[in-house]
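An overview of the molecular structure
So you can see what is in the structure, the chains are spelled out below.
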Amino acid sequence: MSVDQATVRRVAHLARIAVTEDEVAHLQGELNAILAFVEQLGEVDTDGVEPMTSVIPMTLPLRADVVSDGFYPERVLANAPAAEDGFFAVPKVVE
Amino acid sequence: MTDLTRLSLTAAREGLAEGHFTATELTQAYLGAIETAGALNAYVLATPEKALAMAKASDARYAKGEAGPLDGLPLGVKDNYAVEGVRTTAGSNILKNFVPPYESTVTSRLWGDGAVLLGKLNQDEFAMGSSTESSAFGPTVNPWRRAGSTQPLVPGGSSGGSAAAVAAHLCAGAAGTDTGGSIRQPAAFTGTVGIKPTYGRCSRWGIVAYASSLDQAGPIARSVNDAALLLRSMAGHDPKDSTSVDRAVPDYEAAVGASVKGKRIGIPREYRVDGMSPEIVALWDKGADMLRSAGAEIVDISLPHTKYALPSYYIVALAEASSNLARYDGVRYGERVPGRDIVEMYEKTRASGFGAEVRRRIMIGTYVLSAGYYDAYYLKAQKVRTLIKRDFETVFADGIDAVLAPATPSPAFGIGEKSGADPVAMYLEDVFTVTLNMAGLPGIAVPAGRSAEGLPLGLQLIGRPFGEEALFSLGQVIEEAAGRFEVSDRWWE
């Protein structure tokens, strides 16, 4: 499988990464090189093979459903590019 | 006084315990070495004030007889470990001003055992690379050079800053991370020892995520024994990481020097890849002889799905990366580029904050997870991963204790040599290392010889799940036979 330029633009939008027209052509070549490389997996017979879900066999641990951390909004917001009144601030989302 | 930065961790620990020098003096010696080594670009941030404060506290513990197993030993930490109050960037512009208000579990274990933080070490951006060239801080330079040449070489990656700092004696040891070879390949390129433990052995909590089902923390050190000492402190159960394993941590140092007599070592025929350099083949044979001389039995084995480890790795790793890195949206932390609306803000923020390799990997990961392609790529790769793990299970069930393989297809290469138009050329660096991450197995890289041009070459030992002790025993045999690898020309000073 290989990607065309429209697909590159669509994937860039899905990934929320702005791309310029110049970059689209470059990315198309690079993405197709990587996709061509992984194409060889088609040779492997995987009929009846379970996909890997946990590389070391283990049961997912459970914990009590209680609040164990928190109550320091100023620390949570300390690295925010924009914060107001104890909240993260973003451009207007709802019209 | 002799140069304190020449001491092994064990010798430094003895010197501190016996009062030959203080943790403050040891730390000052390393801080002095860091100051003269700007040309290597191994550190992205030195933390001298914090280091001296930690050293002073360590001296007080020695005075009171309360010293921990790593007390007063100055370490460097890869920049993807969150250290409370210390800028943590993972080599990315998108995190260039990020100061974590929390501490990673592995580093808190190191400080809990008394270690001193010297600073944060350079890496490929988000650990995505095999040369440390993709860092937002520029490339790290390998302290090693080819005989008669001044051409700057890469230290490998992504833990290239860690490996270069250890090799150049800019820290007594370092904490790195390994997703596809990022501890073992730089260790091999710099003549140092690096171990990627079994998946789940070290907590991933507080480490900037790349590919969560593959990432593991581990040490880089100047000897097998030093690596064992560090891993003992780094490993252990952590309820904050649901994939962390609740299993006692053995005394890894006790395994160093243990007999390897009767151990069965597999030589996988599929690792003899096309175009492999004759000196790597010779090194591999030499390594087998070293282990045989120590009483191990060498057995030819087959790991039939080896060839498919790299392509399946690049699907699994990039898919997980695209998901993990979705968090960098310019809202909760990291840099923000304003836009007309929120979508444009996301797109501009991520286009400007991520470097080219990271953008490329996120886009591939997004593509392979997108509607209509999930089964063909991601599900297929996870099935192949099951087969890769089964290959190892089969040989271990047949009585193989460990597998011996090269760590890298070649010695360190020049800066710029593999960062051209074809990303796959760089990906091939990981051909011998990714299989372990895919199978969750531990692997140690130990320097074993030199290239014709005088550069260090490493061998890799692959163990059973939680078989780190056997790796330390076998690694020590190679270290004793091959000797230590020290950079003789300190050209950067």
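Bear in mind the structure is a predicted one, so any value in this text is a computation, not a measurement. (Residues numbered from 1 in each chain as written. Chains lettered and ligands numbered in written order. Predicted model: local features only at pLDDT ≥ 70, side-chain atom pairs only at ≥ 80, totals over all residues. Heavy atoms only, no water.)

For the rest of this paragraph, the subject is the overall build of chain B. The helix and strand tally for chain B stands at 16 helices and 11 strands. For 493 residues, the compact-globule estimate of 2.2 N^0.38 gives 23 Å, and the C-alpha radius of gyration of chain B, at 21 Å, lies within 12% of that figure. Each of the 493 residues in chain B was classed as buried or not, and the buried ones make up 65%. Sequence separation of 24 or more characterises 77% of the internal contacts of chain B that already satisfy a separation of 6 or more. When the accessible surface of chain B is totalled, it reaches about 15,500 Å², and 50% of it is carbon and sulfur. The centroid of the 48 positive side-chain charges in chain B is displaced by 3 Å from the centroid of its 55 negative side-chain charges. (Helix = DSSP H or I, 4+ residues; strand = E, 2+ residues; numbered from the N terminus. Rg over C-alpha atoms; globule rule 2.2 N^0.38 Å. Buried < 20%, exposed > 50% of the residue type's maximum accessible area, 1.4 Å probe, protein only. Contact = heavy atoms within 4.5 Å. Areas by Shrake-Rupley, 256 points an atom, 1.4 Å probe, with all protein chains shown as cover. Lys, Arg positive; Asp, Glu negative; His and termini not counted. Charge placed at Lys NZ, Arg CZ, Asp CG, Glu CD.)

Here we take up the UniProt feature "active site" (unreviewed entry) in chain B. Residues and elements named next belong to chain B. Sites flagged by UniProt as "active site" (unreviewed entry) map to K78, S158 and S182. Across 105 residues of sequence, these annotated residues stay compact in space, with a maximum C-alpha separation of 11.0 Å. Counting through the fold element by element, K78 comes out in strand β2 (residues 74-78). Residue K78 is classed as buried on the basis of its relative accessible area of 0%. Beyond its immediate sequence surroundings of up to four residues, K78 is in contact with K120, L121, Q123, A127, S158, S159, S162, A175, G176, T177 and S182. At a separation of 2.8 Å, a polar atom in the side chain of K78 contacts the side chain of S158. Looking at where S182 falls in the secondary structure, it is placed in the loop between β4 (173-178) and α6 (184-190). (UniProt positions renumbered as here; feature names shortened; annotations may be inferred. Polar contact = N/O pair within 3.5 Å; in protein donor to acceptor, adjacent residues only side chain to side chain.)

All names here are of chain B. The 11 strands lie next to each other as β1-β3-β2-β4-β6-β5-β10-β11-β9-β7-β8, forming an open sheet whose pairing is mixed. Because the sheet does not close on itself, it has two edges, and the strands there are β1 (43-46) and β8 (297-301). When strand polarity is set aside, the average angle formed by the axes of neighbouring strands in this sheet is 30°. Two strands pair when backbone bridges link them, and β1 and strand β3 (residues 116-121) are joined in this way by 3 bridges, in the antiparallel orientation. Residue pairing for β3: A46 is matched across the bridge by G119. Sheet strands in contact with helix α3 (residues 48-64) are β1 and β3, and its direction is about 155° off that of β3. Relative to β4, helix α5 (residues 160-167) is tilted by about 155°, and along the sheet it contacts β1, β2, β3, β4 and β6 (216-221). (Pairing = 2+ DSSP bridges. Axes fitted to C-alpha atoms, helices over the stretch in contact; angles between N-to-C directions.)

Attention now goes to the environment of B:T88. All names here are of chain B. With respect to the helices and strands, the residue T88 is situated in the loop between β2 and α4 (105-112). Distance in space between the C-alpha atoms of T88 and Y346 is 21 Å, their sequence separation being 258 residues. With residues up to four places along the chain from it excluded, the contact list for T88 reads D79, N80, Y81, A82, V83, L95, F98, P100, K120 and V208. A polar contact is formed between the side chain of T88 and the backbone oxygen of Y81, at a distance of 3.5 Å. A distance of 2.9 Å separates polar atoms of two side chains, one belonging to T88 and the other to K120.

Bringing the interface of chain B and chain A into the picture now. Tallying the contact residues gives 67 residues for chain B and 50 residues for chain A. Interface area for chain B against chain A, summed over the two sides, is near 5,000 Å², with a carbon-plus-sulfur share of 72%. Our count for the contact surface shared by chain B and chain A stands at 3 salt bridges. The closest approach of N and O atoms between B:R359 and A:E23, which form a salt bridge, is 3.3 Å. Counting across the chain B and chain A interface gives 18 residue pairs in polar contact (both at pLDDT 80 or more). Going through the elements one at a time, α10 (309-324), α11 (342-353), α12 (356-369), α13 (375-397), α14 (423-427) and α15 (434-439) of chain B are the ones with two or more residues in the side of chain B that touches chain A. Split by residue class, the side of chain B that touches chain A holds 36 nonpolar, 15 polar and 16 charged. (Buried area = accessible area lost by both parts, 1.4 Å probe. Salt bridge = Lys/Arg side-chain N within 4 Å of Asp/Glu carboxyl O. Nonpolar A, V, L, I, M, F, W, Y, C, P; charged D, E, K, R; others polar.)

Counting 173 residues, the largest nonpolar core has B:F126, B:L170, B:F392, B:L404 and B:F472 as its most contacted members. For this core, the element with the highest residue contribution is α10(B), accounting for 10 residues. Excluding anything up to four places from it in sequence, B:L170 contacts B:Y30, B:A33, B:I34, B:A37, B:L40, B:A42, B:Y43, B:L118 and B:A165. In terms of nonpolar packing, the next biggest core, distinct from the first, is built from 6 residues, A:V55, A:I56, B:Y199 and B:V245 among them. (Core = buried A, V, L, I, M, F, W, Y, C linked by side-chain atoms within 4.5 Å.)

With that out of the way, let us pick up helix α16 (residues 468-482) of chain B. Residue and element names in this part refer to chain B. For α16, which comprises 15 residues, the first-to-last C-alpha distance of 21 Å matches the rise-based estimate of 21 Å (1.5 Å per residue) to within 8%. Burial in α16 covers these residues: E468, A470, L471, F472, S473, L474, G475, Q476, V477, I478 and E479. Downstream of α16 by a residue or two, G483 has a phi angle that is positive, lying close to 85°. (Expected span 1.5 Å × (residues − 1).)

Attention now moves to α4(B). Of all the residues in α4(B), the buried ones are B:T105, B:V106, B:T107, B:L110 and B:W111. At the C-terminal side of α4(B), B:G114 shows a positive phi close to 100°.

The next point concerns the environment of B:A57. Residue and element names in this part refer to chain B. Its location among the elements puts A57 in helix α3. According to the relative accessible area criterion, A57 is partly exposed, its value standing at 34%. For the pair A57 and A23, spaced 34 residues apart in sequence, the C-alpha separation works out to 8.9 Å.

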